[in-house]
Amino acid sequence: MTTVNFVHPDGRTQSVEADDGQSAMMVATINGIDEIVAECGGNAMCATCHVYVDPKWVGELGAVSDEEDALLDGVAAERSASSRLSCQIKIAPGLDGLVLRLPDKQI
Amino acid sequence: MAIALADRTPHLDIDPFSMEFFEDPHSAHEVMREAGPLVYLDKWSVYGVARYKEVHAVLNDPATFCSSRGVGLSDFSKEKPWRPPSLILEADPPAHTRTRAVLSRVLSPAVMKQIRDRFATAAEAKVDELIARRSFDAIADLAEAYPLSVFPDAMGLQQHGRENLMPYAGLVFNAFGPPNQLRQDAIERSAPHQAYVQSQCQRENLAPGGFGACIHDRVDAGEITAAEAPLLVRSLLSAGLDTTVNGIGAAIYCLARFPEEWERLRSDPSLARNAFEEAVRFESPVQTFFRTTTRDVDIGGSTVPEGEKVLMFLASANRDPRRWENPERYDITRRTSGHVGFGSGIHMCVGQLVARLEGEVLLAALARKVAAIEISGPVKRRFNNTLRGLDSLPVTFTPA
């Protein structure tokens, strides 16, 4: 199990245990984190599972694909250099303690 | 090698393309779900999956369950398709990957931001017009009229000939079914609709800036060929209108039948988008699709041989009690993520963002402007081999 810390827009941190191999989007929805809408169910099509990756973790994640990059242009909250779609972040042992900040809107 | 065990797949005498089935699909769905993870339908000699888990698994394994042999009953490796196959719906990777990327970008979240205000303004205008009329048909005058007021213009279509769009889409979705009366009648009457669509897909007939022209622009970027572009425009004309008509019709029918949910929507119009999404789960406007097996494969402990058609019951998966709590309840605050009303995996509806945009802005306008929706006449169903929806839904609006 790998611990993932979701930081709500009000600053509250919610730490959850995740199975390796799951996407961060799945982890959020299983744990009832409502800020992750995930309309398309994890198919990288809707841009409603947007997160801001804590800067010190950005380099630990895989590169952003062209498809994800195009989708990130359409996120509802402001896109930043650390913006990712959580359906494209795969939980792995090296990500224990990952910090993902949740935007205040997805639509 | 040992003699194979007797096939224990339950054989069922259910015709999912019959009028009897269309009258009440839900009880037949339950029979299929409870019979097992895999069933065999003798009427059309096809395998079927009706539980969420198996439907989701088949959708997400395109290497084993291919689309290039057709996503209807007809196997393109044995029969000539009724029209040139779709370059996206009826294609597998790697060919599919390239064409899919083009349509994904033409209909991306960023593009939705640009068209949102226009679609919302048209929704407000349509609702104002219907409030003035009070009583009308919520299918013809709203579920059809609203998408027709925004989608053809967004595509960049000419004014002339638009009356062919709905019959063409009805034909496409009937043609996924077996060679029954619905399919044969649709194909017999198809010539003028096909001629219109073919001509409307050409570059010179599409207004600059529309979805159609944007597809053709990708030819200049070298992403697709000039011969491929019209067929990709055809995909949006086939699947971009009738589906949203039935989705919006489903949402209005749900809100008219579940007054408590309508009250919740009125008190919080920001629920409009999820109210639409839940209607897509609950009614599943696209009921079924087929895949063809590319190898022998195990489903729920039984082996499906190579080259078999597998029918996925999307609507049944969306009401599978193994996956959904109180599946028979229309609940506008349900966490709908994961429903398969738009499919799942690489072929998941490429126009889902357009559908959601139309559904959201229309339901939000209704929630703000209408106090009550009352069904005020006989409800009539429309019959199609793949699409589920109504032919007529007479309603009366009480203004807010």
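Below or above, wherever it landed, is the structure these notes cover.

Cut-offs used in this document
Residues numbered from 1 in each chain as written. Chains lettered and ligands numbered in written order. Predicted model: local features only at pLDDT ≥ 70, side-chain atom pairs only at ≥ 80, totals over all residues. Helix = DSSP H or I, 4+ residues; strand = E, 2+ residues; numbered from the N terminus. Rg over C-alpha atoms; globule rule 2.2 N^0.38 Å. Buried ≥ 20, exposed ≤ 12 C-beta atoms within 10 Å, placed from the backbone. Contact = placed C-beta atoms within 7 Å. Pairing = 2+ DSSP bridges. Axes fitted to C-alpha atoms, helices over the stretch in contact; angles between N-to-C directions. Expected span 1.5 Å × (residues − 1). Nonpolar A, V, L, I, M, F, W, Y, C, P; charged D, E, K, R; others polar. Core = buried A, V, L, I, M, F, W, Y, C linked by C-beta atoms within 7 Å. Arc of directions from axis to C-beta. Parallel < 35°, antiparallel > 145°, perpendicular 65-115°, else oblique.

## Considerations on the overall build of chain B
Reasoning step 1: The helix and strand inventory of chain B stands at 16 helices and 13 strands.
Reasoning step 2: Taken over the C-alpha trace, chain B has a radius of gyration of 21 Å; the compact-globule value for 400 residues is 21 Å, and the two agree within 12%.
Reasoning step 3: Within chain B, the proportion of its 400 residues that are buried is 51%.
Reasoning step 4: Residue pairs at least 24 apart in sequence account for 74% of intrachain contacts in chain B once pairs closer than 6 positions are excluded.

## Examining the sheet that holds strand β6 (residues 288-293) of chain B
All names here are of chain B.
Reasoning step 1: What the six strands build is an open sheet, ordered β1-β2-β3-β9-β6-β4; its pairing is mixed. Each edge of the open sheet is held by one strand with a lone partner, namely β1 (11-12) and β4 (65-66).
Reasoning step 2: Judged from the two bridges that link them, β1 and strand β2 (residues 39-41) form a sheet pairing that is parallel. Note on β2: the bridge partner recorded for His11 is Tyr40.
Reasoning step 3: Along the sheet, helix α3 (residues 52-59) makes contact with β3 (46-49), β4, β6 and β9 (309-313), crossing β9 at roughly 125°.

## Details of helix α16 (residues 352-369) of chain B
Reasoning step 1: For α16 of chain B, spanning 18 residues, the distance from its first C-alpha to its last is 26 Å, which sits close to the expected 26 Å at 1.5 Å a residue.
Reasoning step 2: Of all 18 residues in α16 of chain B, 16 are buried; the element is thus mostly enclosed.

## Overview of the pairing of strand β2 (residues 13-18) of chain A
The side chains of a regular strand alternate between both faces of the sheet.
Residues and elements named next belong to chain A.
Reasoning step 1: Across six bridges, the pairing between strand β1 (residues 2-7) and β2 is antiparallel. Residue Val7 lies in a different strand from β2, and its bridge partner there is Thr13.
Reasoning step 2: Hairpin remark: β1 followed by β2, antiparallel, with five residues in the connecting loop; positive phi at Gly11, about 95°.

## Things to note about the interface of chain A and chain B
Reasoning step 1: Contact with chain A, which involves 17 residues of that partner, is made by 18 residues of chain B.
Reasoning step 2: For the side of chain A that touches chain B, the element with the most residues is helix α3 (residues 66-72) of chain A, which contributes three residues.
Reasoning step 3: Its residues assigned to classes, the side of chain A that touches chain B comprises 10 nonpolar, four polar and three charged.

## Thoughts on the nonpolar core
Reasoning step 1: Counting residues in each nonpolar core, the largest one holds 145 residues, and the members touching the most others are Val55, Ile252, Met312, Phe313 and Leu363 of chain B.
Reasoning step 2: Contact partners of Val55 of chain B, with chain neighbours within four places excluded, come to Val49, Met312, Phe313, Leu314, Ala317 and Val340 of chain B.

## Some points on helix α13 (residues 259-267) of chain B
Residues and elements named next belong to chain B.
Reasoning step 1: Looking at α13, one finds that the buried residues are Glu261, Trp262 and Leu265. Here the buried residues of α13 occupy an arc of 105° about the axis, which is enough to place them on one side. Of the exposed residues in α13, those oriented more than 90 degrees away from the buried face are Pro259, Glu260 and Ser267.
Reasoning step 2: Looking at the buried residues of α13, the elements they touch are α12 (242-257), α14 (272-283), α16 and β10 (370-375).

## Remarks on the packing of α12 of chain B against α14 of chain B
All names here are of chain B.
Reasoning step 1: The geometry of α12 relative to α14 is characterised by a closest axis approach of 8 Å and an angle of 95° between their N-to-C directions. Between α12 and α14, the crossing angle belongs to the class labelled roughly perpendicular. For the pair α12 and α14, contact is made by Gly247, Ala250, Ala251 and Cys254 and by Ala275, Phe276, Ala279, Val280, Phe282 and Glu283, respectively.
Reasoning step 2: Its residues assigned to classes, the contact of α12 with α14 comprises eight nonpolar, one polar and one charged.

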